[in-house]
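Examining the three-dimensional arrangement
For reference, the chains in residue letters:
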Amino acid sequence: LSQEQDHLVKLAENKLTDSDRKRIAARQRTLNYSRESTMSKEEGPSKDKGKAPDPANWGTLDLEDGEVDLDAQRAALESFRLAREREDTDLEEQREVSRSLDETRDESNPMTGAE
């Protein structure tokens, strides 16, 4: 603070009532406690804010036997792939039906000049 600012702060402090001083002190204790409790964890924001697991922690994973069964994982992936293919096929069929209906409507609509 500049000398002028420091002087103004001291003038303001001199005008505080006892009630004001107690409220300020209580608030300062709350802030100090909050700051100390966060710092005591020795944790901070991670550098990477991604949602993916951290590969550095993979050695500490507690996996069930079924979760590391490669054959089961392959079967599940194949099942997901087939389901996605069926979904894509169904979607394409729906698009073809929709196009066909649109063409039929256009052909029968006198406004398009088709008839």
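That block above? That's the structure.
Residues numbered from 1 in each chain as written. Predicted model: local features only at pLDDT ≥ 70, side-chain atom pairs only at ≥ 80, totals over all residues. Heavy atoms only, no water.

1. A word on the overall build of the protein
Using the following cut-off: Helix numbering and strand numbering both begin at the N terminus, where a helix is a DSSP run of H or I of at least 4 residues and a strand a DSSP run of E of at least 2. Accessible area is worked out with a 1.4 Å probe on protein chains only. A residue is then buried under 20% of its type maximum, exposed over 50%, and partly exposed in between. Here the Shrake-Rupley method, with its probe set to 1.4 Å, supplies the accessible areas, and only the displayed protein chains count as covering residues.
Looking only at helices and strands, the protein features three helices and zero strands. Starting at the N terminus and walking to the C terminus, you meet the elements of the protein as α-α-α. Burial analysis of the protein (115 residues in total) assigns 0% to the buried set. Split by element, the accessible area of the protein, about 11,200 Å² in all, is 52% carbon and sulfur.

2. Quick word on the pattern of salt bridges
To keep things clear, this is the line we draw: The salt bridge definition used is simple: a Lys or Arg side-chain nitrogen within 4 Å of an Asp or Glu carboxyl oxygen.
Taken as a whole and judged by the stated rule, the model has eight salt bridges. Glu 85 is paired through a salt bridge with Arg 81; the nearest N and O atoms lie 2.3 Å apart. Of the two residues, Glu 85 and Arg 81 are both situated in helix H3 (residues 70–108); the distance of four residues between them amounts to about one turn of the helix. Among the ionic pairs, Asp 102 bridges to Arg 105, the shortest N-O distance being 2.9 Å. One end of the pair is Asp 102 and the other is Arg 105, both in helix H3 and three residues apart, which spans about a single turn. Each of Glu 78, Arg 81 and Glu 85 takes part in a single network of salt bridges with overlapping partners.

3. Focus on H3
Short version of the rule: Here the expected length of a helix is defined as 1.5 Å per residue gap, with one fewer gap than residues. Nitrogen and oxygen atoms within 3.5 Å of one another constitute a polar contact, given that in protein one can donate a hydrogen and the other can accept it, and given that sequence-neighbouring residues count only through two side-chain atoms.
The end-to-end C-alpha distance of H3 is 57 Å, a good match for the 57 Å that 39 residues give at a rise of 1.5 Å each. Capping the start of H3, Asp 69 holds a side-chain oxygen 3.2 Å from the backbone nitrogen of Asp 71, two or three residues further along.

4. Looking at a negative patch on the surface
Condition: A patch consists of residues exposed above 30% relative accessible area that lack any salt bridge, with like charges linked at up to 9 Å and nonpolar side chains (Val, Leu, Ile, Met, Phe, Trp, Tyr) linked at up to 5 Å. The convention is simple: Lys and Arg are positive, Asp and Glu are negative, and His and the chain ends are not counted. A single reference atom marks each charge: NZ on Lys, CZ on Arg, CG on Asp, CD on Glu.
Judged by side-chain charge, Asp 62, Glu 64, Asp 65, Glu 67 and Asp 69 come together as a negatively charged surface patch. Here Glu 67 shows up in the loop between helix H2 (18–40) and H3. Residue Glu 67 is classed as partly exposed on the basis of its relative accessible area, which comes to 43%.

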